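Structure at a glance
Read off the chains here:
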Amino acid sequence: MKKLIIRGGKPLNGEININGAKNSTVALIPAAILADSEVVLEGVPDIQDVHSLIEILHEFNVKTSFKNNVLKIDPSEMQSIPMPTGKIQSLRASYYFMGATLSKFGEGVIGLPGGCFLGPRPIDQHVKAFKSLGAEVEDEYGVITLTTPNGLIATRIYLDVVSVGATINTILASVRAKGKTVIENAAREPEIIDVVTLLNKMGAKIRGAGTSVIRIEGVEQLHGTTHTIIPDRIEAGTYITAAVAMGHEVKINNVIFEHIESFIAKLDEMGAKMEIGEDSILVGRSDDLNMVSIKTQPYPGFATDLQQPLTPLLTKAKGKGTITDTIYPQRVKHIPELNRMGADIKVDGDIIRIEGPAELTGAPVRASDLRAGACLVIAGLIANGETEITGVDNILRGYSNIVEKLQSVGADIEMIEDDTVE
Ligand code: EPU
């Protein structure tokens, strides 16, 4: 029932602080249940996905406290409870409970994850890895039942697809398996390094995170620890894009530049004015942007999660460009909404074709998924007139305090409750 109202065209000035990474957090929380005592996560973003995961932890009889971005997780009395339906189905990252419960209890019943619709999102590689480790996996009407008749035995696993989720889930499942597991063709995202950093602090023996070969020597027990989550590179990229589009001078704080190098390289190619600091990026006023073409790829390539937020900026650039999302070719739900606002974009098979510059005008639009929502917020900031965005819950799943953060740099944006909106 929430709506975002944005009156566009306002210049942005000031500073925005970036939170801990959503896609790390949603894996770190299930990883934490492997400890036998309290794990403290610092820098946890206050987003809906985190609240959903906390509810799931409570269902597993795990104690938590969440205050000032610090999440304390005490799994010492956790129970192996089947979760075929309910909250577990509300976010895609629930799939990490498959690897985590396998590792902790040697079993698990997990309802298939929901999350953003980006086209087909199979979990065949997760299942392949669990089976290689000796698990039996049954899928009945979307409920995955995992058992380990002979325990988990370390092995060599080649992932056919470079997958963040399958890599992390394989690590979670194998961290206590007997012997040495080797994951080949592993994904290299910073969030994977973050999860491995936490697990190693908990007593795991994992090497090679951030490369395509990860080696895990099984340990018997994991203990509690404290860990600070890495900054959210996608949130950073989102606000940097807003700042390039509308900023006079906006400083984005808590950024690891190396995590968004391919994204910054594209903005450079567009002619955006940016100064890279030690852990911040200062974005200046950028006029006369050049059109570019983008191809999303696994890390360190251009992130699929930044494709949608960047699209409205491309509408301001002159010339013709394309976006090819090789990870999720069907991640195009933002396009009809941008066209409703005056953009000139065509979806041509697996290629998005953009012609600019286009004058965006405020319109009623719907955020069909998280990053489409970020895209529409940026489009609303750019557009003349008023933009009304529905589907706001999709945005709040992944962006904490988005309204307050944008207001603090001068955006005219508010969130209202509207009973007439579904
Ligand atoms: N894939 C398979 N089989 C599998 C797993 C993946 O074919 O078993 C394919 C997918 O269909 C996709 C590609 O492999 O084409 C990569 O998918 P990946 O497994 O890496 O994606 P994910 O782990 O499900 C995470 C993020 C996504 C992000 C992708 C790609 C989380 C919770 N989600 O998803 O984030 O887009 O990696 O980087 O970490 C978002 O934040 O908006 C979001 C959707």
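Everything numeric in this text was worked out from a predicted model, so none of it was measured.

Cut-offs used in this document
- Residues numbered from 1 in each chain as written.
- Predicted model: local features only at pLDDT ≥ 70, side-chain atom pairs only at ≥ 80, totals over all residues.
- Heavy atoms only, no water.
- Helix = DSSP H or I, 4+ residues; strand = E, 2+ residues; numbered from the N terminus.
- Rg over C-alpha atoms; globule rule 2.2 N^0.38 Å.
- Buried < 20%, exposed > 50% of the residue type's maximum accessible area, 1.4 Å probe, protein only.
- Contact = heavy atoms within 4.5 Å.
- Areas by Shrake-Rupley, 256 points an atom, 1.4 Å probe, with all protein chains shown as cover.
- Lys, Arg positive; Asp, Glu negative; His and termini not counted.
- Charge placed at Lys NZ, Arg CZ, Asp CG, Glu CD.
- Pairing = 2+ DSSP bridges.
- Axes fitted to C-alpha atoms, helices over the stretch in contact; angles between N-to-C directions.
- Salt bridge = Lys/Arg side-chain N within 4 Å of Asp/Glu carboxyl O.
- Core = buried A, V, L, I, M, F, W, Y, C linked by side-chain atoms within 4.5 Å.
- UniProt positions renumbered as here; feature names shortened; annotations may be inferred.
- Polar contact = N/O pair within 3.5 Å; in protein donor to acceptor, adjacent residues only side chain to side chain.

A tally of regular secondary structure across the chain gives 13 helices and 23 strands. For the chain, the C-alpha radius of gyration of 21 Å lies close to 22 Å, the compact-globule estimate for 422 residues. With the C-alpha coordinates of the chain rotated into their principal frame, the extents come out at 65 × 45 × 40 Å. Within the chain, the fraction of its 422 residues that count as buried is 56%. Pairs at least 24 residues apart make up 73% of the contacts formed inside the chain by residues separated by at least 6 positions. Roughly 16,500 Å² of accessible area belongs to the chain as shown, and the carbon and sulfur atoms make up 46% of that amount. One finds the centroid of the 41 positive side-chain charges in the chain at a distance of 4 Å from the centroid of its 54 negative side-chain charges.

The strand order across the open sheet built from four strands is β17-β18-β20-β19, with neighbouring strands paired in mixed fashion. The open sheet is flanked by β17 (294-296) and β19 (344-348), the only strands paired with a single partner. For this sheet, the mean angle separating the axes of adjacent strands, direction not counted, is 15 degrees. Of the pairings in the sheet, the one linking β19 to strand β20 (residues 351-356) comprises five bridges and is antiparallel in character. Residue pairing in the sheet places K346 in a bridge with R353 of β20. Against the sheet, helix α9 (residues 307-314) touches β17, β18 (319-325), β19 and β20, its axis set at about 175 degrees to β18.

With that out of the way, let us pick up the sheet that holds strand β2 (residues 12-17). What the four strands build is an open sheet, ordered β2-β14-β16-β15; its pairing is mixed. Each having just a single partner strand, β2 and β15 (274-276) make up the two edges of the open sheet. Pairwise comparison of adjacent strand axes, ignoring direction, gives a mean angle of 10 degrees for this sheet. Relative to strand β16 (residues 280-284), β15 runs antiparallel, the two being bridged by three bridges. Note that in β16 the partner of M274 across the bridge is V283. Sheet contacts for helix α7 (residues 233-246): β2, β14 (247-253), β15 and β16; angle to β14, the most-contacted strand, approximately 165 degrees.

Summed over all chains, the structure comprises 19 salt bridges. One salt bridge in this structure joins E77 and K63, with 3.2 Å as the shortest N-O distance. Highlighted residues: E77 in the loop between β5 (70-74) and α3 (96-105) and K63 in strand β4 (residues 63-67), separated in sequence by 14 residues. Classification of E77 by relative accessible area gives partly exposed; the value is 47%. Between R353 and D348 there is a salt bridge; the shortest N-O distance is 2.7 Å.

This part covers the pairing of strand β7 (residues 136-140). Within a regular beta strand, the side chains point alternately toward one face of the sheet and then the other, so they alternate between its two faces. Sheet topology places β7 next to strand β8 (residues 143-147); five bridges connect them, and they run antiparallel. Note that in β8 the partner of E140 across the bridge is V143. Hairpin remark: β7 followed by β8, antiparallel, with two residues in the connecting loop; positive phi at Y141, about 50 degrees.

L41, F97, I171, L199 and I206 are the most contacted members of the largest nonpolar core, which has 71 residues in total. Among the elements that make up this core, the one with the highest residue count is helix α1 (residues 22-32) (six residues). What F97 contacts, discounting residues up to four positions off in sequence, is P30, I33, L53, I56, L57, F60, I88 and I110. Counting residues in each nonpolar core, the second largest holds 70 residues, with I335, A367, V377 and Y399 among its members.

Let's shift gears to the UniProt feature "binding site: phosphoenolpyruvate" (unreviewed entry) in the chain. Mapped onto the present numbering, the UniProt feature "binding site: phosphoenolpyruvate" (unreviewed entry) falls on K22 and N23. Position of K22 among the secondary structure elements: in helix α1. Not counting residues within four places of it along the chain, the set of residues in contact with N23 comprises E191, D305 and R371.

Moving on to the environment of D46. Topologically, D46 is positioned in the loop between β3 (39-42) and α2 (48-59). Accessibility expressed as a relative area gives 43% for D46, which makes it partly exposed. Along the primary structure D46 and E59 are separated by 13 residues, whereas in three dimensions their C-alpha atoms are 20 Å apart. Once you skip the residues sitting within four places of it in the chain, D46 turns out to touch H51, F66, N69 and S400.

Another point: the environment of D74. By secondary structure assignment, the location of D74 is in strand β5. Since its relative accessible area comes to 22%, D74 is described here as partly exposed. Along the chain, D74 and G385 lie 311 residues apart, while their C-alpha atoms are 49 Å from each other. Only 2.7 Å separates the side chain of D74 from the side chain of S76, close enough to count as a polar contact.

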